[in-house]
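# A structural walkthrough
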Amino acid sequence: EAGVVQSPRYKIIEKKQPVAFWCNPISGHNTLYWYRQNLGQGPELLIRYENEEAVDDSQLPKDRFSAERLKGVDSTLKIQPAELGDSAVYLCASSLASSAVAYEQYFGPGTRLTVT
Amino acid sequence: GENVEQHPSTLSVQEGDSAVIKCTYSDSASNYFPWYKQELGKRPQLIIDIRSNVGEKKDQRIAVTLNKTAKHFSLHITETQPEDSAVYFCAARAISNFGNEKLTFGTGTRLTIIP
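The shown structure was predicted, so the numbers you read here are calculated from the model rather than taken from an experiment. Sequence order sets the numbering: in each chain, residues are counted from 1 along the sequence as written. To read the labels, note that chains go from A and ligands from 1, taken in the order they are written. pLDDT decides what is reported in this predicted model: residues at 70 or higher carry local features, side-chain atom pairs at 80 or more are listed and counted, and totals for whole chains, interfaces and linings draw on all residues regardless. As a rule here, side-chain values come from all non-hydrogen atoms in the structure, and water together with hydrogens is ignored.

### Concerning unusual backbone geometry
Residue A:Q80 is joined to A:P81 through a cis peptide bond whose omega torsion reads -5 degrees. In this structure, A:P81 sits in the loop between β8 (75-79) and β9 (88-95). Of the consecutive residues B:H7 and B:P8, the connecting peptide bond is found in the cis state with omega at -5 degrees. Numbering of helices and strands starts at the N terminus; helices are DSSP runs of H or I of at least 4 residues and strands are runs of E of at least 2. Tracing the sequence through the fold places B:P8 in the loop between β1 (4-7) and β2 (10-14). Here the phi dihedral of A:N51 falls at roughly 60 degrees; this positive angle occurs in a residue that is not glycine. One can find A:N51 in the loop between β5 (44-50) and β6 (53-56). The classification of residues rests on relative accessible area computed with a 1.4 Å probe and restricted to protein chains. Under 20% of the type maximum is buried, over 50% is exposed, and intermediate values are partly exposed. When its relative accessible area of 38% is taken as the criterion, A:N51 is described as partly exposed. Unusually for a residue other than glycine, B:K71 sits at a positive phi of about 60 degrees. With respect to the helices and strands, B:K71 occurs in the loop between β7 (62-67) and β8 (72-77).

### Some points on the sheet that holds β8(A)
Residue and element names in this part refer to chain A. At least two DSSP bridges between two strands are required for those strands to pair. The sheet built from four strands is open, its strands ordered β1-β3-β8-β7 with antiparallel pairing. Where the open sheet ends on each side, the last strands, each with one partner, are β1 (5-7) and β7 (65-68). Across the sheet, the mean angle separating the axes of adjacent strands is 15 degrees when strand polarity is ignored. Here five bridges tie strand β3 (residues 19-24) to β8, and the two strands are oriented antiparallel to one another. Across the sheet, residue V19 finds its bridge partner in β8, namely I79. Fitting a line to C-alpha atoms yields each axis, with helices limited to the stretch in contact; the angle taken between N-to-C directions then spans 0 to 180 degrees.

Limitation: the analysis is restricted to geometry and does not speak to function.
If you want it as structure tokens, here you go:
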């Protein structure tokens, strides 16, 4: 079984430029998460999808961040415009979880973003 | 919201000795507690988890204990090996008033096994 796939693995951009990250979750996983992991810290949730619905985006900075999950499978996270403080690893995870039952979350390899 | 504290931030143990990492959480409604291992530049990988209806779980050299009353849980690694060197994160899952489930992570423990 293939794991969570993310691309690109690395991205270097100048501030004020846009950037997008792509995630393909494990087949059959209805729940998808985007996390941001700063250096030396644990992952912090940005947004959670159940199928194609964003059920929790309370931690997503909506002035510059957006996300979509068309057809309830792949997802894209976008930053426009990027700021220096956005430099971090962006992790995608998926699970069978719902609000009622907790299931394991499986992480992708992440995209390391550097904003110069 | 949920707050998870993790200690120590760094831990060095001699190969073959045991390592213990401790976490506390604030939301008494939290019901699921996974532990992740993250090697440098790699993805977090689930190594063990425990649900709130269980006090202890073991998988070979790894065990986790949960004290719901005190709101703390611990990871125990016995007979440590060099490949156990990594950063370990604890996490707690809580359900908000709006029915949203959220996993909150600790700040991580860098474990170094000394050969």
